[in-house]
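# Observations on the model geometry
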Amino acid sequence: GTLIAGSIAAGQSSLDSDLVAHAGMLVNDVYKALIKKDAPPAHYLAVGRFLVLVLGIAAAYISIYAAKLPLVTILVGISGTFVMVTLPTVLGATLPMGKFKITKWGAFLSMVAGAVVALVTSFPIQLGLPRYLLNPYGLHRAFWAFITAWIVAILVSLVTPPPPQDSIERFHAFLDRELKALYPPAKAKA
């Protein structure tokens with residue numbers, strides 16, 4: 001009983017934070033930006049609460065009927081693969097990497113190469129390629145896309161000019177400013 005209760009609590013803990021995060025993104029990035037720009041904060045809070053309810057119902061429906069919804073399985077696989085293809089670019093742009101920098105061509109070509117590998121390892125038969133290319137060695141296509149993206153990002157970045165230091169500093173200043181606006185530092189209690 002304790003094990004089951006712990007599992008349910010862990011699932012609920014993850015689910016509630018995911019629902020709030022996704023509702024917040026939809027309110028800020030879609031509703032506030034495109035639909036109703038100058039509403040009071042209470043209005044956005046009400047919309048966010050409504051979206052948490054809608055997203056929760058959608059998540060429950062999908063989890064109950066996922067076996068009958070093959071599109072869900074396909075979309076989850078594609079989105080996971082997409083994350084793995086873009087990960088080298090995102091990490092290269094946001095994390096300090098010393099003297100080595102991911103260049104714009106390294107980032108672009110890594111995503112193209114990762115996407116091509118993801119397609120080839122996902123649909124080899126439909127593309128007229130041998131069946132053994134379907135998830136080679138039993139490893140998911142996202143793994144192969146990720147490895148390819150990293151290798152291409154590094155190799156291309158080694159032979160193309162790095163971004164100017166002032167561009168990197170401006171980008172990091174922009175990220176810092178945006179993140180502080182979204183998540184202001186907590187004020188110390190006196």
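In short, a report on the structure. These numbers come from a predicted model, not from an experiment. (Residues numbered from 1 in each chain as written. Predicted model: local features only at pLDDT ≥ 70, side-chain atom pairs only at ≥ 80, totals over all residues. Heavy atoms only, no water.)

Now for the packing of aromatic side chains. Tallied over the full model, the rule gives 5 aromatic pairs. Arranged with centres 6.4 Å apart and planes meeting at 90 degrees, the rings of Phe146 and Trp150 form a pair that is edge-to-face. Here Phe146 and its partner Trp150 are both found in helix H5 (residues 141-159), 4 residues apart, which amounts to about one turn of the helix. For the pair Phe146 and Trp150, a shared accessibility class is recorded, and that class is buried. An aromatic cluster is present here, built from Tyr137, Phe143 and Trp144 joined pairwise through their rings. (Phe/Tyr/Trp six-rings, centres within 6.5 Å; stacked < 30°, edge-to-face > 60°. Helix = DSSP H or I, 4+ residues; strand = E, 2+ residues; numbered from the N terminus. Buried < 20%, exposed > 50% of the residue type's maximum accessible area, 1.4 Å probe, protein only.)

Our next topic: the nonpolar core. Nonpolar side chains in soluble globular proteins generally cluster together in the buried interior. In this structure, Ala23, Val27, Tyr31, Ala39, Tyr44, Val47 and Leu51 together form the largest nonpolar core, which totals 7 residues. Every element with two or more residues in this core is listed here: helix H1 (2-35) and helix H2 (41-65). Excluding residues that lie within four positions of it along the chain, Leu51 makes contacts with Ala23, Leu26 and Val27. By size, the runner-up hydrophobic cluster in this structure holds 5 residues, among which are Ala107, Phe146, Trp150 and Ala153. (Core = buried A, V, L, I, M, F, W, Y, C linked by side-chain atoms within 4.5 Å. Contact = heavy atoms within 4.5 Å.)

This part is about the packing of helix H3 (residues 70-94) against H5. The packing of two helices is summarised by the inter-axis angle and the distance between the axes. At a minimum axis distance of 9 Å, the contact between H3 and H5 shows a crossing angle of 20 degrees. Between H3 and H5, the crossing angle belongs to the class labelled roughly parallel. By crossing handedness, the relation of H3 to H5 is classed as right-handed. Residues Gly77, Ile78, Gly80, Thr81, Met84, Val85, Leu87, Pro88 and Leu91 of H3 lie in contact with H5, whose contacting residues are Arg141, Ala142, Ala145, Phe146, Ala149, Trp150 and Ala153. Grouping the amino acids of the contact of H3 with H5 by side-chain chemistry returns 12 nonpolar, 3 polar and 1 charged. (Axes fitted to C-alpha atoms, helices over the stretch in contact; angles between N-to-C directions. Parallel < 35°, antiparallel > 145°, perpendicular 65-115°, else oblique. Left-handed = near helix turned anticlockwise from the far one by under 90°. Nonpolar A, V, L, I, M, F, W, Y, C, P; charged D, E, K, R; others polar.)

Look at H3 against helix H4 (residues 104-122): their axes get within 8 Å of each other, and the N-to-C directions meet at 155 degrees. Considering their axes alone, H3 and H4 lie roughly antiparallel with respect to each other. Like other packed secondary-structure pairs, H3 and H4 cross with a definite hand, here right-handed. On the side of H3, the interface is formed by Thr81, Val85, Thr86 and Thr89, while H4 contributes Ala107, Ser110, Met111, Gly114, Ala115 and Ala118.

Within the secondary structure, Thr81 is located in helix H3. Residues within four places of Thr81 in sequence aside, it is in contact with Ala118, His140, Arg141, Ala142 and Ala145.

Moving on, we get to H3. The terminal C-alpha atoms of H3, which comprises 25 residues, lie 35 Å apart, in line with the 36 Å expected from a rise of 1.5 Å per residue. Most pronounced at Thr86, the bend in H3 amounts to some 45 degrees, and the proline Pro88 follows within four residues. Among the residues of H3, those classed as buried are Gly77, Thr81, Val85, Thr86, Pro88, Thr89 and Gly92. Contacts made by the buried residues of H3 are with H4 and H5. (Expected span 1.5 Å × (residues − 1). Bend = angle between axes of the 7 residues up to and from the residue.)

Tallying each qualifying case throughout the model produces 2 salt bridges. The residue Arg170 makes a salt bridge to Asp166 at a minimum N-O spacing of 3.1 Å. Residue Arg170 and its partner Asp166 are located together in helix H6 (residues 165-182), separated by 4 residues, close to a single helical turn. Judged by relative accessible area, which is 43%, Asp166 ranks as partly exposed. (Salt bridge = Lys/Arg side-chain N within 4 Å of Asp/Glu carboxyl O.)

Of note, Ala181 is situated in helix H6. Taking the C-alpha atoms as reference, Ala181 lies 15 Å from Phe171; in sequence the two are 10 residues apart.

Note on backbone geometry: most residues besides glycine have negative phi, and most peptide bonds are trans. Not every positive phi belongs to a glycine, and Tyr137 is a case in point at roughly 55 degrees. Position of Tyr137 relative to the elements: it lies in the loop between H4 and H5.

So, on to the layout of surface pockets. Roughly 450 Å³ of volume is contained in the largest pocket. Looking at the largest pocket, it is lined by 20 residues, and the ones nearest its centre are Gly92, Ala93, Ile102, Pro163 and Ile168. When contributions to the lining of the largest pocket are tallied by element, the ones reaching two or more residues are H3, H4 and H6. No other element matches H6, which puts 4 residues into the lining of the largest pocket. Taken together, the residues of the lining of the largest pocket break down into 13 nonpolar, 5 polar and 2 charged. (1 Å grid on protein atoms, 1.4 Å probe; cavity = no way out; pocket = protein on both sides within 12 Å on 5 of 7 lines; lining within 4 Å. Points joined across faces, edges and corners; volume = space filled by probe spheres on them.)

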